[in-house]
Amino acid sequence: MPSTFQQNKQLRNIAIIAHVDHGKTTLVDAMFRQSGLFRDSQVVDDRLMDTMDLERERGITIAAKNCSVIWKGVRINIIDTPGHADFGGEVERAISMADGAILLVDASEGPLPQTRFVLKKALAARLKIVVVINKIDRQDARVHEVLDEIYDLLIDLDATDEQIDFPLVYAVGRDGIAVKNPDDEGRNLELLFDMILEEIPSPYYDPGAPFQMLVSDLGYSEYVGRLAIGKIFNGSAHSRDSLVCIGENGKNVPLKVSKLQVYKGMRLAEVDEVQPGDIVVIAGIEDVKIGDTICHYQHPEALPRIRVDEPTVSMKFSVNTSPFGGKEGKYVQSSRIRERLVKETLLNVAIQVSETGERDSFMVKGRGEFQLAILIETMRREGYEFCVGQPEVIFRYENGKKLEPMEKLFVDCEESFLGIVVEKLSLRKGKVVNLVNKGSGRLRIEFSVPSRALIGYRDEFLTDTRGTGILNTLFDGYGEYRGDCTSRFTGSIVADRTGTAVPYALFNLEPRGQLFIEPGVPTYEGMIIGEHNRSQDINVNPCKEKKLSNMRAANKDENITLSPIKPVTLEFAISFIRADELVEVTPRSLRMRKTLLSASRRHMLNSAKSKSET
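Read on for a plain summary of the structure. Predicted model only: the values in this text are computed from it and were never measured.

### Quick word on the overall build of the chain
Looking only at helices and strands, the chain has 14 helices and 37 strands in total. In terms of its C-alpha atoms, the chain occupies a principal-axis envelope of roughly 95 × 65 × 60 Å. Counting only residues that meet the buried cut, the chain has 51% of its 614 residues in that class. Pairs at least 24 apart in sequence give 71% of the contacts found in the chain among residues at least 6 apart. Per element, the accessible surface of the chain, about 29,600 Å² overall, is 47% carbon and sulfur.

Here it is in structure tokens:
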């Protein structure tokens, strides 16, 4: 840093980064408790930072969130980041506000794909890294091997000598314990708090520069409207100040600060003045986007915008046109769906929305099908009703070559499942890059696989490995197109009429494949009610009742016993459908259907297609 720069010694800004389920949110809970944020007798829920219902249900962090604790008179602003690769845009936002990072690594699993992703971003931002090897109380902990793997990872990521010489802490985040050596007996997290104050640098600022703040997040309050959240790089601001917001096009939008807030614990506290380096929340402007710069109106100078990796997967969102459309949703119009999608792009820099040229449909692009599935589930819970199409990867064309997004796929499975895993991934154009067998009965295999080939593979992988396999992916850039591959070898069982499914009909359909519906479920023509055993689709009548007769015989009228159905989850439905199929999403139901509902029109279209091919 230039000699003219100073540091705000009363602040530390840190991001907690890790692979999914390595204990980030649990560690933050312990930091809250031990920093004196709560009374001794106060009852507090676990995983406080997981404020979304979806986060609590799935046990993962989806959105980056801010909070703060006070330790020895210094405020430590903490940014809890997601651990799933599909939410990488949230990680990039969080890192833009931090001056250092705590890298959390599981003492048994070691560095995994998302560990590599977030660490690469932190090193590129030149953040000071403090490594915490967590869960050292696990019976299968391998502390020393994991430490070696962290060093190998840093070397592989071209870290500098200073970055490789990282401070190290061993922890049991669940119990709120941090120690210098894994064999030491710990009592609290004082060692970690002290190391943050000693090792993480205070935010630098130019004392002569005017106010500058980079918007890294957005919020909304019913009382004061749009909220701009970000880190102050230079200068200070007061409530009622006149500032300007510099957008992506360089246009200055005037704003008057109606409210200034900072984080105290998980809550926001109103203040009259904010200092350089602090993470603040400003109210008083409606037209603001992530990446904008807020600065003094007399010295408008923009900071470098937040840049995130390009999306790799797209899905078409459209109005629900099924016979049941509009019966269960609160918001069904295309204008409401468009408005909600545009709002998502304001809050999530990794999501892009564009028009398709078709009436009442929109193209939504994101980092992966899981990120888009979370968006769909969130909209569904908000009362929206719509249809989504098959996820499709986004291709690139360079120098006359077709390029597609590639993934590094890391598989951890038992030796006996090696054959079936390699066979299935070979059919999906996957290539084995590395295989490690440490003699423990389990293997670690690294594949290079096209992103499109992994859509729908996770469920199949869990079935093949009897639920014991572990699958992780990491985006690996773009590679040359590897050719066509079939991701689904079965057809669909499609209802040919509107009605209500009856036990007799479903019992007779069971030999045809796996059913998705139970007796009493309403159906309509073109609705997918099961997975056919063969590759082609089949149209069936799930409403056919048993003919009445006056013949009586023993056991003639006994109740029919049906096999258990396969429940349709959102992730399964998205990965199951083909290009000519849609998922109908409502607040109460998930249905799969053909894009063209009429069986006769689909038959005519297929016949015409077959003739043109011959």
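Picking up where we left off.
### Digging into the packing of aromatic side chains
As enumerated under the stated definition, the model contains 11 aromatic pairs in all. Residues Tyr-457 and Phe-461 carry aromatic rings whose centres are separated by 5.9 Å and whose planes lie at 50 degrees to one another, so their mutual orientation is tilted. Here Phe-461 and Tyr-457 lie together in helix α11 (residues 457–464), a separation of 4 residues that amounts to about one turn. Residue Tyr-457 shares its accessibility class with Phe-461, and that shared class is buried. Among the aromatic residues, those joined into a ring-pair cluster are Phe-516, Phe-572 and Phe-576. The ring of Phe-233 carries Lys-231 above its face, with NZ or CZ at 5.1 Å from the centroid.

### Here's the deal with the packing of helix α10 (residues 418–427) against α11
Running from amino to carboxyl end, α10 crosses α11 at an angle of 155 degrees, the nearest separation of the two axes being 10 Å. One finds that α10 runs roughly antiparallel with respect to α11. In this structure, α10 crosses over α11, and the sense of that crossing is right-handed. For the pair α10 and α11, contact is made by Ile-420, Val-421, Lys-424 and Leu-425 and by Tyr-457, Glu-460, Phe-461 and Asp-464, respectively.

### Observations concerning the sheet that holds strand β14 (residues 252–256)
The 8 strands are arranged β14-β13-β19-β10-β11-β18-β15-β16 in an open sheet whose pairing can be described as antiparallel. For this open sheet the edge positions go to β14 and β16 (267–270), each flanked by a neighbour on one side alone. Neighbour-to-neighbour, the strand axes of this sheet turn through a mean angle of 40 degrees, independent of strand direction. Here strand β11 (residues 225–234) runs beside strand β18 (residues 279–283); their pairing, made up of 5 bridges, is antiparallel.

### Regarding the pairing of strand β28 (residues 442–450)
Counted residue by residue, β28 has 7 buried out of 9 residues, so it is predominantly covered. Of the strand pairs in this sheet, strand β26 (residues 401–414) and β28 are connected by 9 bridges, and their pairing is antiparallel. Residue pairing across strands places Asp-412 opposite Arg-444, the latter belonging to β28. What sits between the antiparallel neighbours strand β27 (residues 431–437) and β28 is a turn of 4 residues, in which Gly-439 has the positive phi angle 80 degrees.

### Focus: the pairing of β18
For β18, a buried count of 5 out of 5 residues is recorded, marking the element as mostly surrounded by other parts of the structure. Side-chain alternation along β18 places Ile-279, Val-281 and Ala-283 on one buried face and Val-280 and Ile-282 on a second face that is also buried.

### Digging into the nonpolar core
Ranked by internal contacts, the top residues of the largest apolar core, which has 43 residues, are Leu-119, Ile-129, Val-131, Ile-133, Ile-136, Ile-150 and Tyr-170. Residue contributions to this core peak at 6 residues, all from helix α5 (residues 143–156). Here Tyr-170 is in contact with Ile-133, Ile-136, Val-143, Leu-147, Ile-177, Ala-178, Val-179, Lys-180, Asn-181 and Pro-182, once residues within four sequence places are set aside. Val-364, Phe-516, Ile-577 and Val-585 belong to the second largest nonpolar core, which has 31 residues in total.

### Quick word on the sheet that holds strand β6 (residues 128–134)
In space, the 7 strands of this open sheet follow the order β3-β4-β2-β5-β6-β7-β8, with mixed pairing throughout. Two strands lie at the open edges of the sheet, namely β3 (65–71) and β8 (177–179), each paired on one side alone. The sheet shows a mean angle of 30 degrees between the axes of neighbouring strands, taken without regard to direction. When strand β7 (residues 168–172) meets β8, the two strands line up antiparallel, connected through 3 bridges. Residue pairing across strands places Tyr-170 opposite Val-179, the latter belonging to β8. Seen against the sheet, α5 touches β5 (100–106), β6 and β7 and runs at an angle of roughly 155 degrees to β6. Strands β2 (11–18), β3, β4 (74–80), β5, β6, β7 and β8 of the sheet are contacted by helix α7 (residues 190–199), whose axis makes an angle of about 100 degrees with β3.

### A closer look at the environment of Lys-121
Within the secondary structure, Lys-121 sits in helix α4 (residues 113–124). Residue Lys-121 is classed as partly exposed on the basis of its relative accessible area of 22%. Considered as a pair, Lys-121 and Asn-134 are 13 residues apart in the sequence and their alpha carbons are 21 Å apart. Among residues more than four places away in sequence, those in contact with Lys-121 are Glu-92, Ile-95 and Asp-309.

### Quick notes on α11
For α11, every residue scored as buried is listed here: Tyr-457, Phe-461 and Asp-464. One side of α11 holds all its buried residues, which, seen down the axis, span an arc of 65 degrees. Elements that come into contact with the buried residues of α11 comprise β26, α10 and β29 (470–480). Once α11 finishes, Arg-466 follows within two positions and takes phi at roughly 55 degrees, a positive value.

### Details of the packing of helix α1 (residues 24–34) against α7
It is at 11 Å that the axes of α1 and α7 come closest, and there the two elements cross at 90 degrees. Classified by the angle between their axes, α1 and α7 sit roughly perpendicular to one another. Across the interface between the two elements, Leu-27, Met-31 and Gln-34 from α1 touch Glu-190, Leu-192, Phe-193 and Ile-196 from α7. Tallied by class, the residues present in the contact of α1 with α7 amount to 5 nonpolar, 1 polar and 1 charged.

### Describing the environment of Pro-167
Along the polypeptide, Pro-167 turns up in the loop between α6 (161–164) and β7. Judged by relative accessible area, Pro-167 falls into the buried class, the value being 9%. Placed 32 residues apart in sequence, Pro-167 and Glu-199 show a C-alpha to C-alpha distance of 7.6 Å. For Pro-167, the residues in contact, after removing those within four places along its chain, are Lys-128, Ile-129, Val-130, Val-131, Met-195 and Glu-199.

About the cut-offs
Residues numbered from 1 in each chain as written. Predicted model: local features only at pLDDT ≥ 70, side-chain atom pairs only at ≥ 80, totals over all residues. Heavy atoms only, no water. Helix = DSSP H or I, 4+ residues; strand = E, 2+ residues; numbered from the N terminus. Buried < 20%, exposed > 50% of the residue type's maximum accessible area, 1.4 Å probe, protein only. Contact = heavy atoms within 4.5 Å. Areas by Shrake-Rupley, 256 points an atom, 1.4 Å probe, with all protein chains shown as cover. Phe/Tyr/Trp six-rings, centres within 6.5 Å; stacked < 30°, edge-to-face > 60°. Lys NZ or Arg CZ within 6 Å of the ring centre and 35° of its normal. Axes fitted to C-alpha atoms, helices over the stretch in contact; angles between N-to-C directions. Parallel < 35°, antiparallel > 145°, perpendicular 65-115°, else oblique. Left-handed = near helix turned anticlockwise from the far one by under 90°. Pairing = 2+ DSSP bridges. Core = buried A, V, L, I, M, F, W, Y, C linked by side-chain atoms within 4.5 Å. Arc of directions from axis to C-beta. Nonpolar A, V, L, I, M, F, W, Y, C, P; charged D, E, K, R; others polar.

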